[in-house]
Number of protein chains: 2
Amino acid sequence: MRISTKGGYGIRAMYELAMAHGQGPVPLKVVAEKQALSEHYLEQLMGTLRKAGLVKGVRGAKGGYQLALPPEKISVGDVIRALEGPIAPVSCVDLDAEAGCERHATCPTRGLWERLRDSMIQVLDSTTLADLCREAPQNAAPKDSGKGLCRYQGV
Amino acid sequence: MRISTKGGYGIRAMYELAMAHGQGPVPLKVVAEKQALSEHYLEQLMGTLRKAGLVKGVRGAKGGYQLALPPEKISVGDVIRALEGPIAPVSCVDLDAEAGCERHATCPTRGLWERLRDSMIQVLDSTTLADLCREAPQNAAPKDSGKGLCRYQGV
DNA sequence: CTAATTCCGACCAACTTACTAGGAATTACA
DNA sequence: TGTAATTCCTAGTAAGTTGGTCGGAATTAG
C-alpha cells in the first residue's frame, strides 16, 4: 500500500512551485536542488504533469515551470492521479474506468474496497497545494528563511 | 495506490475460511476453486498467513487450513499487513518501523501522509472477517445457497 | 551567438509480481 | 501397510514497474 516515489517526488516538486507561485517560472535545477532529487528524472514527471494541465513549461533561458492554476485549485489527488493513475485500492472500484468486474454482484469484498477508496480520495482531494504551503513547518527552508521563503500562504 | 493481488487474494481466501469457521479445516483446493485462483500460489500466501499466526494448517488427508482466531478477531488490516507489510503510503510514516527520515522536521508533506495513513488504517482495522461475512450479498454463492453457505453471521 | 532551459525518446539495472515446478513430510483411511 | 490427500518448503521465471541515465533537438533571454 505505498505510493511510488513518482507521486512523492511530484508532490514535493509541486509544493516548490506553489511556494514560488506568482513569481515567474522556476527552473527544474532549482526544484531538484531544494528537494534533493534527480533533475533528469524530475523532467519526466513534469512532462506528465504538463500533459495533465497542472503545470506550464517556459522554454529557454530564464525559463522553467510554473503552476497552471493557483495552489488552492490543485489538490494532492490531482497530482497523484496524473502521476500514478486512478486512486483505487483495486482496479474494480476504479471510479474513472468503472470497469466493473464480472462477479461484482456477488463479491463480498467490494464494499470494503469502496470504503477504502473513498477515505483515501477524501484525504487526497481535500488537501490542496495551498494547504501544504500553510502546513509547512516554519523551518522548512533554513538556508534562506530570512528571505521569507514561505511566501505563499494562500493568496 | 493499489494493493497487490497478494492482499486481494489473501482477503478472499480468509473470507472463505471465515465462512467455514468452526467446521474443521478447508483444503486449499476448495478455496482456490471457489475464489477462482491458483492453488499453488495460494499455498505461498497461506504460508505467510500461518507464520503471522492468522491461520493454522492441518496436514495430511482431510487436512486444510482454518482460522487461528474467530472471524471477529481478525481484521482486514491484519491480513493486509501480513501479506503486504505495514500500511503506510510512504515509508517515513510507517508506524511499525518508525524509521523517521532525517528531514522529517522540515517536511511539508508529512502531515498529509500521516492523515492518509490514518484514514486507511481506520477503514482496514475496523473491518473484520466477520463483517465481510455479514456484508456478503445473499447470492454470494449461488451454487449451493440452498445449503445455507452464508453460515457465519458473527458467532 | 551563447548559455540556459524545456522537451523528447531510447535505454537500463534492479526489483516486484504472480506465478509454475518439484518434491518432502504428514496424516486419514482402506 | 499402502495410498491418496494434503501441507510445507525451495527454486526458478516471465513480464512488468521503478527509478533512474544518456544524448540530443527546440526554444529563448540577453
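Residues numbered from 1 in each chain as written. Chains lettered and ligands numbered in written order. Predicted model: local features only at pLDDT ≥ 70, side-chain atom pairs only at ≥ 80, totals over all residues. Heavy atoms only, no water.

**A closer look at the overall build of chain A**
Per the secondary structure count, chain A includes six helices and two strands. Taken from the N to the C terminus, the helices and strands of chain A come in the order α-α-α-β-β-α-α-α. Burial analysis of chain A (155 residues in total) assigns 47% to the buried set. Intrachain contacts of chain A at a sequence separation of at least 6 include 66% that bridge at least 24 residues. (Helix = DSSP H or I, 4+ residues; strand = E, 2+ residues; numbered from the N terminus. Buried < 20%, exposed > 50% of the residue type's maximum accessible area, 1.4 Å probe, protein only. Contact = heavy atoms within 4.5 Å.)

**As for the side chain of Asp94 of chain B**
Among the secondary structure elements, Asp94 of chain B is positioned in the loop between helix H4 (76–84) and helix H5 (110–126). At a separation of 2.9 Å, a polar atom in the side chain of Asp94 of chain B contacts the main-chain amide nitrogen of Asp96 of chain B. (Polar contact = N/O pair within 3.5 Å; in protein donor to acceptor, adjacent residues only side chain to side chain.)

**Some details on the environment of Arg103 of chain A**
For Arg103 of chain A, the position within the fold is in the loop between helix H4 (76–84) and helix H5 (110–126). Since its relative accessible area comes to 30%, Arg103 of chain A is described here as partly exposed. Discounting residues that sit within four places of it in the chain, Arg103 of chain A has contacts with Arg12, Lys34, Gln35 and Ala36 of chain B.

**Some words on the protein's contact with DNA strand D**
Taken together, the neighbourhood of DNA strand D is formed by 25 residues, with Thr5 and Arg59 of chain A together with Glu43, Arg50 and Tyr65 of chain B sitting nearest. In the interface set of DNA strand D, defined as its atoms within 4 Å of the protein, sugar plus phosphate atoms amount to 66%. Within the backbone of Ala61 of chain A, an N or O atom sits 3.2 Å from a base oxygen of DNA strand D. Looking at the surface near DNA strand D, the elements with two or more residues in it are helix H1 (5–19) and helix H3 (39–51) of chain A together with helix H3 (39–51), strand E1 (55–58) and strand E2 (64–67) of chain B. When the residues that make up the surface near DNA strand D are grouped by side-chain class, the tally is eight nonpolar, eleven polar and six charged. (Near = heavy atom within 4 Å. Nonpolar A, V, L, I, M, F, W, Y, C, P; charged D, E, K, R; others polar.)

**Quick word on the relation of the copies chain B and chain A**
Each copy of the sequence occupies a distinct position, and chain B is placed on chain A by a rotation of 180° and an axial shift of 0.0 Å, giving an RMSD of 0.0 Å. Such a combination of turn and shift is consistent with a two-fold rotation axis. (Least-squares fit on C-alpha atoms with pLDDT ≥ 70 in both.)

**Looking at the protein's contact with DNA strand C**
Taken together, 24 residues sit near DNA strand C, with Glu43, Arg50 and Tyr65 of chain A together with Gln44 and Arg59 of chain B positioned nearest. Between DNA strand C and the protein, one listed contact pairs a phosphate oxygen with a side-chain N or O atom of Thr5 of chain B at 2.7 Å. The separation between a base oxygen of DNA strand C and a polar side-chain atom of Gln44 of chain B is 2.6 Å. At the level of secondary structure, the elements contributing two or more residues to the surface near DNA strand C comprise H3, strand E1 (55–58) and strand E2 (64–67) of chain A together with helix H1 (5–19) and H3 of chain B. The class makeup of the residues in the surface near DNA strand C is eight nonpolar, ten polar and six charged.

**Here's the deal with the interface of chain B and chain A**
Often the size quoted for an interface is simply the accessible area lost on bringing the parts together. Taken together, the contacts link 41 residues of chain B with 41 residues of chain A. Here chain B meets chain A over a buried area of about 3,500 Å², counting both sides, of which 63% is carbon and sulfur. Looking only at chain B, the three residues that lose the most surface to chain A are Met1, Arg2 and Pro108 of chain B, adding up to 22% of its buried area. Here chain B and chain A share four salt bridges between them. One salt bridge in this structure joins Arg2 of chain A and Asp94 of chain B, with 4.0 Å as the shortest N-O distance. Across the contact surface, chain B and chain A share eight residue pairs in polar contact (both at pLDDT 80 or more). (Buried area = accessible area lost by both parts, 1.4 Å probe. Salt bridge = Lys/Arg side-chain N within 4 Å of Asp/Glu carboxyl O.)

**Concerning the pairing of E1 of chain B**
Residue and element names in this part refer to chain B. Summarising the sheet, E1 and E2 pair through four bridges and their orientation is antiparallel. Counterpart to Gly57 in the pairing with E2 is Tyr65. Linking two consecutive strands that pair antiparallel, namely E1 and E2, is a turn of five residues; a positive phi of about 85° is found at Gly60 within it. (Pairing = 2+ DSSP bridges.)

**Here's the deal with the environment of Ala130 of chain B**
Residues and elements named next belong to chain B. The residue Ala130 is located in helix H6 (residues 129–135) in this model. Under the relative-accessibility criterion, Ala130 is labelled buried at 0%. Taking the C-alpha atoms as reference, Ala130 lies 8.4 Å from Tyr15; in sequence the two are 115 residues apart.

**A look at the packing of H1 of chain A against H4 of chain A**
Helix-helix packing: each pair is described by the crossing angle between the helix axes and the interaxial distance. Residues and elements named next belong to chain A. Relative to each other, H1 and H4 sit at 135°, their axes nearing to 9 Å. By the angle class used here, H1 and H4 are oblique. For the crossing formed where H1 meets H4, the hand is right-handed. In this structure, H1 contributes Lys6, Gly7, Gly10, Ile11 and Met14 to the contact, and H4 contributes Val76, Val79, Ile80, Leu83 and Glu84. (Axes fitted to C-alpha atoms, helices over the stretch in contact; angles between N-to-C directions. Parallel < 35°, antiparallel > 145°, perpendicular 65-115°, else oblique. Left-handed = near helix turned anticlockwise from the far one by under 90°.)

**Side note on the nonpolar core**
Formed by 88 residues in total, the largest nonpolar core has its most connected members in Met14 of chain A together with Met14 of chain B. If near-sequence neighbours (up to four positions away) are discounted, Met14 of chain B is found in contact with Leu49, Leu54, Val55, Leu67, Ile74, Val79 and Leu129 of chain B. (Core = buried A, V, L, I, M, F, W, Y, C linked by side-chain atoms within 4.5 Å.)

So, to be careful, I would describe these as geometric facts and stop short of saying anything about function.
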